[in-house]
Amino acid sequence: MKIGIIGLGSMGQMLVTAFCKSKAVSPKDLLVYNRTREKADRMQETYGVTVASSAEEVGHSADLLFVCTKPLDLLPLVKELSLPSQVHLVSVAAGVSIEDLEAVHTGPVSKVIPTITSQELRGVSLYTCSSRLTGEQQKQFASLLSSIGTAQEVSEQEIETATILTSSGPGLLAGIMESFAQAAVRKSPGLSLDTARKMLVETMLGTAQLLQSEQLGFDQLIERVATKGGITEEGLRVLEKRLPAGFDELFDMTESKHALLKERVKQQAANNQEKGD
Ligand SMILES: NC(=O)c1ccc[n+]([C@@H]2O[C@H](COP(=O)([O-])OP(=O)(O)OC[C@H]3O[C@@H](n4cnc5c(N)ncnc54)[C@H](OP(=O)(O)O)[C@@H]3O)[C@@H](O)[C@H]2O)c1
């Protein structure tokens, strides 16, 4: 099966890396294209994938086509490609729905929200497929996504909230860790920021491994760490007081941004229809 990837920014490059690293896809079956040629050339040098000379070439040669542009660049590009109806089109764009995709392509379409951590073959790829996919296509697609981490099918109603956990998650966790490290340095200026960051990275890795290998729940891990009447309990009390409101606000704000993006995507599609495209 030929896999095409258009757009080699953060997500396109992650997919090339993850497919090659996992050996789920042979580089000779990967055809890529990016608006700025250098990024595609780098992928060719590193992994031996084929660089196409246009997006059309990718769209018309691939069986499975990942379009990894920003949300507002996606629908006009796909429309322009006039894809053959047998191509399985996959969008990774937040805010672009299955309905939007079905309006610009007559064949099977899916939506995936990948995660940067798939570069390490870990993390969760969220996906939802249109009813135009056969059962076999769905199975093959889920299996491909499973090769670069955990593939989790979700409804479009749930995908936005889940996106914040799995896809924004690595960035949000990095933001939390940076704030944690900076607070440590404010408290103990003798500790360098670099040392504090390294301590936290190692602590995150160990925590994740422990949760997974011991099959501990978060609450069980807390119990193991927070000695009764000890120090951690005090820290947890602060978190319990401050974090729920912060996370509620985070979900409210990201929900609003998703809504704005979806509205812009719909508006763009409506404008194109008016122009008779
Ligand atoms: N970043 C994440 O963690 C993440 C996670 C889940 C979903 N997503 C979704 O993934 C999509 C891409 O995000 P990103 O972070 O990878 O963005 P990005 O780094 O800005 O990458 C977008 C890429 O698309 C290329 N591009 C734009 N128009 C093109 C065209 N007509 N033909 C070929 N290539 C074109 C750009 O080329 P240039 O080099 O010329 O700019 C750029 O390399 C977004 O829709 C986003 O919602 C991102």
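The structure displayed is predicted, hence computed values, not measured ones.

A.B. asks: I would appreciate a short explanation of the pairing of strand β8 (residues 150-153) in the present structure.
C.D. replies: Looking along a regular strand, one sees side chains alternate from face to face of the sheet. Two strands pair when backbone bridges link them, and strand β7 (residues 124-129) and β8 are joined in this way by four bridges, in the parallel orientation. Note on β8: the bridge partner recorded for Val124 is Thr150. For the crossover that starts at β7, traverses helix α6 (residues 135-146) and ends in the parallel β8, the hand is right-handed.

A.B. asks: Is there a simple way to explain the sheet that holds strand β5 (residues 88-91) in this structure?
C.D. replies: Within a sheet, each strand pairs with its neighbour through backbone hydrogen bonds, oriented either parallel or antiparallel. Read across the sheet, eight strands follow the order β3-β2-β1-β4-β5-β6-β7-β8 without closing on themselves; strand pairing throughout is mixed. In the strand order of this sheet, the two ends are held by β3 (50-51) and β8, each with one partner. Contacting β1 (3-6), β4 (64-67), β5, β6 (109-113), β7 and β8, α6 runs over the sheet at an angle of about 165° to β7.

A.B. asks: Teacher, can you tell me more about the side chain of Thr17 here?
C.D. replies: Its location among the elements puts Thr17 in helix α1 (residues 10-22). A relative accessible area of 9% means that Thr17 is categorised as buried. Each residue touching Thr17, except ones within four places of it in the same chain, is listed here: Tyr47 and Gln119.

A.B. asks: How do you make sense of a positive patch on the surface when you look at a structure like this?
C.D. replies: Together, Arg35, Lys39, Arg42 and Lys70 make up a region of like positive charge exposed at the surface. Looking at the secondary structure, you find Arg35 in the loop between β2 (30-33) and α2 (37-47).

A.B. asks: In this structure, what is going on with the site of the ligand? I would like to understand it.
C.D. replies: By nearness alone, 22 residues border the ligand, and Met11, Asn34, Thr36, Lys39 and Thr69 come closest of all. Interatomic distance of 3.0 Å between a backbone N/O atom of Ser10 and an oxygen atom of the ligand. Separating an oxygen atom of the ligand from a backbone N or O atom of Pro71 is a distance of 3.3 Å. Summarising the interface, the protein chains cover 79% of the accessible area of the ligand, which totals 900 Å² for the free molecule. Broken down by secondary-structure element, the contributors of at least two residues to the shell around the ligand are α1 and α4 (71-81). Residue classes in the shell around the ligand are distributed as 12 nonpolar, seven polar and three charged.

A.B. asks: Help me understand the packing of α4 against helix α11 (residues 231-274) in this model?
C.D. replies: Working note: a packed helix pair is described by the angle between its axes plus the distance between those axes. Packing of α4 against α11 leaves a shortest axis separation of 9 Å and a crossing angle of 25°. Our classification of the angle between α4 and α11 gives roughly parallel. You can see that α4 and α11 cross each other, and the crossing is right-handed. Contacts between α4 and α11 involve Pro71, Leu72, Leu75 and Pro76 from the former and Leu261, Arg264, Val265 and Gln268 from the latter.

A.B. asks: What is the right way to read unusual backbone geometry from this model?
C.D. replies: Outside of glycine, negative phi angles account for most residues, and trans bonds account for most peptide bonds. At Lys23, a position not held by glycine, the phi torsion is positive, near 65°. Here Lys23 shows up in the loop between α1 and β2. Positive phi values are uncommon outside glycine, yet Ser82 reaches one of about 40°.

A.B. asks: Where do I start with the UniProt feature "domain: Pyrroline-5-carboxylate reductase catalytic N-terminal" (unreviewed entry) in the chain in this structure?
C.D. replies: In this numbering, the UniProt entry assigns the feature "domain: Pyrroline-5-carboxylate reductase catalytic N-terminal" (unreviewed entry) to residues 2-95. Summarising residues 2-95: 45% helix, 19% strand, and an end-to-end C-alpha distance of 27 Å.

Conventions we followed
Residues numbered from 1 in each chain as written. Predicted model: local features only at pLDDT ≥ 70, side-chain atom pairs only at ≥ 80, totals over all residues. Heavy atoms only, no water. Pairing = 2+ DSSP bridges. Helix = DSSP H or I, 4+ residues; strand = E, 2+ residues; numbered from the N terminus. Right-handed = clockwise from strand over helix to strand, strands pointing away. Contact = heavy atoms within 4.5 Å. Axes fitted to C-alpha atoms, helices over the stretch in contact; angles between N-to-C directions. Buried < 20%, exposed > 50% of the residue type's maximum accessible area, 1.4 Å probe, protein only. Patch = residues over 30% accessible without salt bridge, like charges linked within 9 Å, V, L, I, M, F, W, Y side chains within 5 Å. Areas by Shrake-Rupley, 256 points an atom, 1.4 Å probe, with all protein chains shown as cover. Salt bridge = Lys/Arg side-chain N within 4 Å of Asp/Glu carboxyl O. Lys, Arg positive; Asp, Glu negative; His and termini not counted. Charge placed at Lys NZ, Arg CZ, Asp CG, Glu CD. Near = heavy atom within 4 Å. Polar contact = N/O pair within 3.5 Å; in protein donor to acceptor, adjacent residues only side chain to side chain. Nonpolar A, V, L, I, M, F, W, Y, C, P; charged D, E, K, R; others polar. Parallel < 35°, antiparallel > 145°, perpendicular 65-115°, else oblique. Left-handed = near helix turned anticlockwise from the far one by under 90°. UniProt positions renumbered as here; feature names shortened; annotations may be inferred.

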